[in-house]
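# Structural description and commentary
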Amino acid sequence: MECFLCKGKLENKPTAFMADLGACIVIVKNVPSQVCSQCGEVSYSDEVARRLEKIVETLKMTALNPLVPTEIAVVNYSVPAA
Ligand SMILES: [Zn+2]
């Protein structure tokens, strides 16, 4: 596979994904991804992207709970979101 930006070579490696939810920042560690060795562009497979969405959705509900305010939530991709 090639990078869609610069046609560089993509390498499979785990990266950290970050989502800014406003009141809370979510970081998902060890996400399987393809990183361009040339420009550093990170891309995910459809399956990984879908799962990331789900993880963020789940965290949103817990992190934005006004009773237990959380500013930064860090989870591991390999561990299923509760
Ligand atoms: Zn590239």
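Before reading on, note that the structure itself is shown above.
Residues numbered from 1 in each chain as written. Predicted model: local features only at pLDDT ≥ 70, side-chain atom pairs only at ≥ 80, totals over all residues. Heavy atoms only, no water.

### Some points on the overall build of the protein
Quick reminder of the rule: Put simply, DSSP marks the helices as runs of H or I at least four residues long and the strands as runs of E at least two long, and each gets a number from the N terminus on. Exposure categories follow from relative accessible area, calculated using a 1.4 Å probe and restricted to protein chains: below 20% of the type maximum is buried, above 50% is exposed, and the middle band is partly exposed. By definition, residues are in contact when any of their heavy atoms lie within 4.5 Å. Each accessible area is a Shrake-Rupley estimate made with a 1.4 Å probe; only the visible protein chains count as cover when residues are assessed. For the purpose of charge, His is not counted, nor are the chain termini; Lys and Arg are scored as positive and Asp and Glu as negative. Each charge is placed at NZ for Lys, CZ for Arg, CG for Asp and CD for Glu.
Check the secondary structure of the protein and you find 1 helix and 4 strands. Per-residue burial over the protein gives 27% buried out of 82 residues. Partitioning the contacts of the protein with sequence separation of at least 6, the portion at a separation of at least 24 is 54%. Counting only carbon and sulfur atoms, one obtains 57% of the accessible surface of the protein, whose full area is about 5700 Å². Of the charged side chains in the protein, 8 are positive and 9 negative, and the gap between their average positions amounts to 5 Å.

### Some thoughts on the nonpolar core
The condition is simple: Here, the term nonpolar core denotes a set of buried Ala, Val, Leu, Ile, Met, Phe, Trp, Tyr and Cys residues that are joined through side-chain atoms within 4.5 Å.
Ranked by size, the top nonpolar core spans 13 residues in total, and within it V26, V28, V31, L52 and Y77 carry the most contacts. For this core, the elements supplying multiple residues, two or more each, are β2 (25-36) and α1 (46-63). With 6 residues, the top contributor of residues to this core is α1. Apart from the residues lying within four places of it in its own chain, the contact partners of Y77 are V28, K29, N30, V31, P32, V48, R51, L52 and I55.

### Topic: the pairing of strand β1 (residues 10-20)
Cut-off, in case you're wondering: Whether two strands pair depends on DSSP finding at least two bridges between them.
Two strands pair when backbone bridges link them, and β1 and β2 are joined in this way by 10 bridges, in the antiparallel orientation. Across the sheet, the residue bridging to F17 is V28, located in β2. Taking the residues that link successive antiparallel strands as the turn, the β1-β2 hairpin has 4 residues, and the phi of G22 there is positive, at about 95 degrees.

### Looking at the coordination of the zinc ion
Defined as follows: Note on donors: an N, O or S atom is included if it sits within 2.8 Å of the metal, or within 3.2 Å for Na, K and Ca, and water is never included, so sites can look incomplete. For four-coordinate sites, all angles between 85 and 135 degrees define a tetrahedron; for four- and six-coordinate sites, opposite donors beyond 155 degrees with the remaining angles between 65 and 115 define square planar and octahedral shapes respectively, and all other cases count as irregular.
Donor atoms from the polypeptide that coordinate the zinc ion comprise C3 (SG), C6 (SG), C36 (SG) and C39 (SG), at 2.2 to 2.4 Å from the metal. Each of the 4 donor atoms bound to the zinc ion contributes to angles spanning 102 to 115 degrees, and the resulting shape is tetrahedral. Sequence positions of the donors to the zinc ion reduce to the motif C-x2-C-x29-C-x2-C. By relative accessible area, C36 is classed as buried at 4%.

### Points about the pattern of salt bridges
Put simply, the rule is: Salt bridges are defined as contacts in which a side-chain nitrogen from Lys or Arg sits within 4 Å of a carboxyl oxygen from Asp or Glu.
Scanning all chains against the criterion turns up 1 salt bridge. Ionic pairing is found between K60 and E57, a salt bridge with its closest N-O pair at 3.7 Å. One end of the pair is K60 and the other is E57, both in helix α1 and 3 residues apart, which spans about a single turn.

Honestly, it's all geometry; don't read function into it.
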